[in-house]
Protein chains: 2
Amino acid sequence: MTQYRQTERTRLKRAPKRAHYDTATVNAIIDEALICHLSTVHHGQPLLQPTIHWRDGDQLYVHGSSRNGLFQALLEGAEACLAITLLDGIVFARSAFHHSVNFRSVVIYARARRVDDVDEKRRALDQLLEKFHAGRSQEARPANAAELKATSVLAFTLDELSAKVRSGGPIDDPEDRVLPVWAGVQPVTLQRGEIEYEPPSGEP
Amino acid sequence: MTQYRQTERTRLKRAPKRAHYDTATVNAIIDEALICHLSTVHHGQPLLQPTIHWRDGDQLYVHGSSRNGLFQALLEGAEACLAITLLDGIVFARSAFHHSVNFRSVVIYARARRVDDVDEKRRALDQLLEKFHAGRSQEARPANAAELKATSVLAFTLDELSAKVRSGGPIDDPEDRVLPVWAGVQPVTLQRGEIEYEPPSGEP
């Protein structure tokens, strides 16, 4: 099983049993999630925004307007910290203290590379459409030169990261397990519904 | 309608029509979301982690272990940037370029205050349980002194922030609307399922 390397800042100090560094666990979380949160430091201040991400091998991609301020800070060399989080459930314990949530998350440290190679840029943007809907890159009108130029694609190499996973039921203290209080887990899932199609242009 | 103030860094430069500063829109996003992402700067590096949040008036609360490294950085005075994001749909345009997502997000700048007052701390933690499940704060065994001490509750005043909302269908260029390509929106929703109860202790 291939493992991501651990560094001082990706080593989980608390609940180390919930830490995962194998590529299978990490990549599955990255691929299931549709959005990530991207942060950096700019003029000493934290910047944070949500964005769409996708993955090809060890490359994590995001895209946005070429005028995006956070992207510009990253392209000036500022380090990024990205988080990808899937909420799986609310955990009800018998004690207030042991209430928790089930989740799978990945936190990544990396510096951004701007994707300038037109072939890589087109391939990456096609992969995003495929993540949205299989086959979509063959259906939609491809980006023209002006649209490609207006879009920045940034790549991050997946290398310094950790995943954290909590699953299962509540972990009450032994003396609380006899309390007459219900306990359990409420599953939380992100559902993609039926596509609401627009009528073709010209139809009422 | 009460409005949050705008500052240079909360004024949306692009797509300003998608910006919202009224408390009703902002607070509804904060209250619907179960998790936020919390970032700061520590020794010049970005720190980012997902966490549960809840709100009481203009106070946004998070909690965690008293030994949480990000919390410690915040309590040393580092500024926080928080993002709360709800994904509502995938937007399929006829052109690759105009594919998008529907979402509602809030980005907040604030400094953390550690909640030391025991009454406020207990009230805040009760409010978290109520967010998880109405009535839960009256059911679960309350935190004891050691548990309260092991839990840090941080408060942020909602003041410098912006909400951003995209909704509706694809916005294709006029010349693309006649292309024989389907378009529409796939709704995405976070579903809370049926609670899976644990049997009372002692039962098989």
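Rules behind the numbers
- Residues numbered from 1 in each chain as written.
- Chains lettered and ligands numbered in written order.
- Predicted model: local features only at pLDDT ≥ 70, side-chain atom pairs only at ≥ 80, totals over all residues.
- Helix = DSSP H or I, 4+ residues; strand = E, 2+ residues; numbered from the N terminus.
- Buried ≥ 20, exposed ≤ 12 C-beta atoms within 10 Å, placed from the backbone.
- Contact = placed C-beta atoms within 7 Å.
- Pairing = 2+ DSSP bridges.
- Nonpolar A, V, L, I, M, F, W, Y, C, P; charged D, E, K, R; others polar.
- Least-squares fit on C-alpha atoms with pLDDT ≥ 70 in both.
- Expected span 1.5 Å × (residues − 1).
- Arc of directions from axis to C-beta.
- Core = buried A, V, L, I, M, F, W, Y, C linked by C-beta atoms within 7 Å.
- pLDDT = per-residue confidence, 0-100.

Help me out: how do you make sense of the overall build of chain A in this one?
Summing up its helical and strand segments, chain A has four helices and 11 strands in all. For chain A, the spread of C-alpha atoms along the three principal axes comes to 65 × 50 × 35 Å. Counting only residues that meet the buried cut, chain A has 35% of its 204 residues in that class. Long-range contacts, defined as pairs at least 24 residues apart, comprise 71% of the intrachain contacts of chain A with a sequence gap of at least 6.

What's the story with the pairing of strand 8 (residues 151-157) of chain A in this structure? I'm lost.
Side-chain direction in a regular strand flips from residue to residue, so the side chains alternate between the two faces of the sheet. Residues and elements named next belong to chain A. When strand 4 (residues 59-65) meets strand 8, the two strands line up antiparallel, connected through seven bridges. Paired with Tyr-61 across the strands is Ala-155, a residue of strand 8. Relative to strand 8, strand 7 (residues 113-114) runs antiparallel, the two being bridged by two bridges. By the bridge assignment for strand 8, Arg-114 is matched with Leu-154.

For this particular structure, what's the right way to read the interface of chain A and chain B?
Many descriptions give the size of an interface as the accessible area lost when the pieces come together. Each side of the interface is counted separately: chain A has 67 residues, and chain B has 67 residues. Elements supplying a minimum of two residues to the side of chain A that touches chain B: strand 2 (35-42), strand 3 (45-56), strand 5 (79-92), strand 6 (100-111), helix 3 (118-132), strand 10 (184-192) and strand 11 (196-197) of chain A. In terms of residues, the side of chain A that touches chain B owes the most to one element, strand 10 of chain A, which gives nine residues. Grouping the amino acids of the side of chain A that touches chain B by side-chain chemistry returns 36 nonpolar, 19 polar and 12 charged. Here two bridges tie strand 11 of chain A to strand 10 (residues 184-192) of chain B, and the two strands are oriented antiparallel to one another. Across the sheet, residue A:Glu196 finds its bridge partner in strand 10 of chain B, namely B:Val185.

For this particular structure, what's the right way to read unusual backbone geometry?
Glycine aside, the phi torsion of most residues is negative, and most peptide linkages are trans. All names here are of chain A. Phi is positive for His-43, which is not a glycine, with a value near 55°. You can see His-43 is positioned in the loop between strand 2 and strand 3. Exposure remark for His-43: the 7 C-beta atoms within 10 Å place this residue in the exposed category.

I would appreciate a short explanation of the relation of the copies chain A and chain B in the present structure.
A rotation about an axis combined with a shift along that same axis relates the two copies of the chain. Mapping chain A onto chain B leaves a residual RMSD of 0.0 Å; the transformation is a rotation of 180° accompanied by 0.0 Å of translation along its axis. In the structure described here, the two chain copies are related by an operation that fits a two-fold rotation axis. Within chain A, A:Leu190 has its C-alpha nearest the rotation axis, a separation of 2.2 Å. An overlap of 100% is found between the interface residues of chain A and their copies at the interface of chain B, pointing to a shared contact surface.

I keep staring at helix 3 of chain A and nothing clicks. Help me out?
Because each turn of an α-helix spans 3.6 residues, side chains separated by three or four positions in sequence point in the same direction. The terminal C-alpha atoms of helix 3 of chain A lie 21 Å apart, and with 15 residues this matches the ideal 21 Å at 1.5 Å per residue to within 8%. Among all positions of helix 3 of chain A, only A:Lys121, A:Ala124, A:Leu125, A:Leu129 and A:Phe132 are buried. The buried residues of helix 3 of chain A occupy one face: seen down the axis, they fall within an arc of 145°. The secondary structure elements touched by the buried residues of helix 3 of chain A are strand 3, strand 4, helix 4 (145-150) and strand 8 of chain A together with strand 5 (79-92) of chain B.

Looking at this structure, how should I read the nonpolar core?
Across soluble globular proteins, nonpolar side chains show a tendency to be buried alongside one another. Formed by 102 residues in total, the largest nonpolar core has its most connected members in A:Leu82, A:Leu154, B:Leu82 and B:Leu154. With residues up to four places along the chain from it excluded, the contact list for B:Leu82 reads B:Cys36, B:His37, B:Leu38, B:Ile108 and B:Phe156.

Before we go on, may I ask you to explain the pairing of strand 3 (residues 45-56) of chain B in this structure?
Residues and elements named next belong to chain B. Where strand 2 (residues 35-42) meets strand 3, eight bridges bridge the pair, whose relative direction is antiparallel. Looking across to strand 3, one finds that Val-41 is bridged to Pro-46. What sits between the antiparallel neighbours strand 2 and strand 3 is a turn of two residues, in which His-43 has the positive phi angle 50°. Across four bridges, strand 3 lies against strand 4 (residues 59-65) in antiparallel orientation. Of the residues in strand 4, the one forming a bridge with Asp-56 is Gln-59. Between the antiparallel neighbours strand 3 and strand 4 lie two residues, among them Gly-57 with a positive phi of about 65°.

Hey, could you run me through the confidence of the model for chain A in this one?
As a note on interpretation, predicted positions should not be read in detail where pLDDT is low. Of all residues in chain A, 98% have pLDDT values of 70 or greater, and the mean over the chain is 95. Reported confidences for the modelled complex are a pTM of 0.96 and an ipTM of 0.95.

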